[in-house]
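Listed below are the residues making up each chain.
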Amino acid sequence: MNKKKIENRRQFLAGFAAVTGATTLGPNITLAATQEDKYVIAAPKVISMEIAGTDERFPVRRVFCLGRNYRAHAIESGDNPDETPPFFFIKPRDAVIESRDGFPYPPMTNELRYEGEMVVALSSGGTNIRPADALSHVYAYGIGLDMTREDLQHNAQDLSRPWAISKSFDNSAPCGPLHTVVKNGHAETGRIWLSVNGVVKQDSDLALQRWSVAEGIAILSQYYELSAGDIIMTGTPEGIGLVEKNDVIKCGIEGLGEIEVRIT
Ligand code: MN
């Protein structure tokens, strides 16, 4: 760099510093004054999911969940599936934990319920996505459990109150690794099953989802602007039930392997 260029760069950095508050360390080095420097507490940590076969991670933005997305489960839950469509609720992103680490029995409940589900991870999003375009936003699929404090859910339902505390509590979404579309393709049909201590409790097929993955994304995108990092838990089939401390849940989906979650 000649003298004139260096001088130009000095002036540029001085101007940059004046505008941004950046600290100029030398002609070619600046330490940007970022917003992070001004946080009064440590910033919340990024929650991320394992990607099968790599050491890369999928950072999670939001966790959308589908309710009553299998006909037989809607019926066992007291819905008439001919009259009531599936619906959405949300868990906080830090509900997502690694399935292999086990699931700590949560406080304030005596009725802990398992729900085995397929998880869809988005690498892009938007609003009013057409069903025909929806799968182009899917990055990967995985297996997760939508753990539920059933007694709190029933209390909330009886009182017509929101059931956030029954669904959206700490650690309530133990998940296994994600399997990318690039390597594994899309998961549209295939057996989904769950066992407790070796006894099969749920046994269905992804093809029986009332809203397909594409339809779920399309409908959700009418209500929210979907974005990279959003994940969708696509609902559980029939056969939900309760678990106790030390029970071992296994959940599998054809083509996505299986996860094992010990209640600790
Ligand atoms: Mn569920």
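Regarding the overall build of the protein chain
Of the regular secondary structure elements, the protein chain holds 7 helices and 19 strands. Long-range contacts, defined as pairs at least 24 residues apart, comprise 72% of the intrachain contacts of the protein chain with a sequence gap of at least 6.

Re the sheet that holds strand E17 (residues 241-243)
Taken together, 3 strands build an open sheet; the order of strands is E11-E8-E17 and the sheet is antiparallel. Where the open sheet ends on each side, the last strands, each with one partner, are strand E11 (148-149) and E17. By the bridge criterion, 3 bridges tie strand E8 (residues 112-114) to E17 in an arrangement that is antiparallel. Within E17, the residue paired with Leu 112 across the bridge is Val 243.

Side note on the nonpolar core
Counting residues in each nonpolar core, the largest one holds 38 residues, and the members touching the most others are Met 118, Val 138, Tyr 141, Met 147, Ile 217 and Ile 249. For this core, the secondary structure elements donating two or more residues are E8, strand E9 (116-122), strand E10 (138-145), strand E14 (191-196), helix H7 (213-223), strand E18 (248-253) and strand E19 (257-262). The residues touching Val 138, leaving out its near neighbours within four places in the chain, are Val 120, Ala 121, Leu 122, Ser 123, Val 181, His 186, Val 213 and Ile 217.

A look at the side chain of Asp 146
Along the polypeptide, Asp 146 turns up in the loop between E10 and E11. Residue Asp 146 is classed as buried on the basis of its relative accessible area, which comes to 0%. Once residues lying within four places of it in the same chain are set aside, the contact partners of Asp 146 are Phe 89, Lys 91, Arg 113, Tyr 114, Glu 115, Glu 117, Lys 167, Ser 172 and Met 233.

Looking at the coordination of the manganese ion
Protein coordination of the manganese ion is provided by Glu 115 (OE), Glu 117 (OE) and Asp 146 (OD), with donor distances spanning 2.0 to 2.1 Å. Along the chain, the residues donating to the manganese ion are arranged with the sequence spacing E-x1-E-x28-D. Judged by its relative accessible area of 0%, Glu 117 falls in the buried class.

Some remarks on unusual backbone geometry
Most peptide bonds adopt trans geometry, and most residues besides glycine take a negative phi value. Non-glycine residue Met 108 carries a positive phi angle of around 65°. The class for Met 108 is exposed, based on a relative accessible area of 69%. Of note in the backbone geometry, Ser 160 takes a positive phi value of approximately 55° without being a glycine. Residue placement: Ser 160 occurs in the loop between helix H4 (150-158) and helix H5 (164-167).

Notes on the environment of Ser 227
The topology assignment puts Ser 227 in the loop between H7 and strand E16 (231-233). The class of Ser 227 is partly exposed, set by a relative accessible area of 23%. Residues in contact with Ser 227, not counting those within four places in the same chain, are Arg 61, Arg 62, Leu 122, Ser 124 and Gly 125.

Things to note about the sheet that holds E19
As summarised here, the arrangement of the 4 strands in space is E15-E14-E18-E19, forming an open sheet in which the pairing is antiparallel. Single-partner strands in this sheet number two, and they are strand E15 (199-205) and E19. Each strand axis lies, on average, 15° off the axis of its neighbour in the sheet, ignoring direction.

Things to note about the confidence of the model for the protein chain
With 88% of its residues at a pLDDT of at least 70, the protein chain reaches an overall mean of 91. The model gives residues 12-24 a pLDDT under 50, and that stretch makes 19 contacts with residues more than four places away or in other chains.

Things to note about the pairing of E15
Relative to E15, E14 runs antiparallel, the two sharing 6 bridges. The residue of E15 that forms the bridge with Leu 194 is Gln 202. Hairpin geometry of E14 and E15 is characterised by an intervening segment of 2 residues between the two adjacent antiparallel strands and by a positive phi of about 50° at Asn 197.

Brief notes about the pattern of salt bridges
When their charged atoms lie close together, side chains carrying opposite charge are able to pair. Here the structure, examined in full by the defined rule, presents 15 salt bridges. In this structure, Arg 62 and Asp 230 form a salt bridge, with 2.8 Å as the shortest nitrogen-oxygen distance. Of the two residues, Arg 62 is situated in the loop between strand E4 (57-59) and strand E5 (63-67) and Asp 230 in the loop between H7 and E16; the sequence distance between them amounts to 168 residues. A relative accessible area of 0% places Asp 230 in the buried class. Residue Arg 100 is joined to Glu 98 by a salt bridge in which the shortest nitrogen-to-oxygen separation is 3.7 Å. Residue classification places Arg 100 among the exposed residues on the basis of a relative accessible area of 58%. On the basis of relative accessible area, Glu 98 is assigned to the buried category, the value being 19%. When salt bridges with common partners are traced through the structure, they connect Lys 91, Arg 113, Glu 115, Asp 146, Glu 150 and Lys 167 into a single cluster.

What counts and what doesn't
- Per chain, residue numbering runs from 1 following the sequence as it is written.
- Local features are withheld for residues below a pLDDT of 70 in this predicted model, meaning they are given only at 70 or higher, and side-chain atom pairs are given and counted only at 80 or more; totals for whole chains, interfaces and linings count all residues.
- Processing note: side-chain calculations cover all non-hydrogen atoms of the structure and skip hydrogens and water entirely.
- Every helix listed is a DSSP run of H or I at least four residues long, and every strand listed is a run of E at least two residues long, numbered separately from the N terminus.
- Contacts are residue-level and defined by heavy atoms, with any inter-residue pair within 4.5 Å sufficient.
- The pairing criterion is simple: DSSP has to find at least two bridges between the two strands.
- Among buried residues, the Ala, Val, Leu, Ile, Met, Phe, Trp, Tyr and Cys ones that are joined through side-chain atoms within 4.5 Å form a nonpolar core.
- Remark: exposure states derive from per-residue accessible area (1.4 Å probe, protein chains only) relative to the maximum for the residue type, with buried under 20%, exposed over 50%, and partly exposed in between.
- Listed donors are limited to N, O and S atoms within 2.8 Å of the metal, widened to 3.2 Å for Na, K and Ca; water is not among them, so incomplete-looking sites are possible.
- Here an angle of 0 to 180 degrees is reported between the N-to-C directions of two axes, which are lines fitted to C-alpha atoms, with helices fitted over the stretch in contact.
- The predictor rates its confidence in each residue with pLDDT, a number between 0 and 100.
- Take a side-chain nitrogen of Lys or Arg and a carboxyl oxygen of Asp or Glu: if they are within 4 Å of each other, that pair is a salt bridge.

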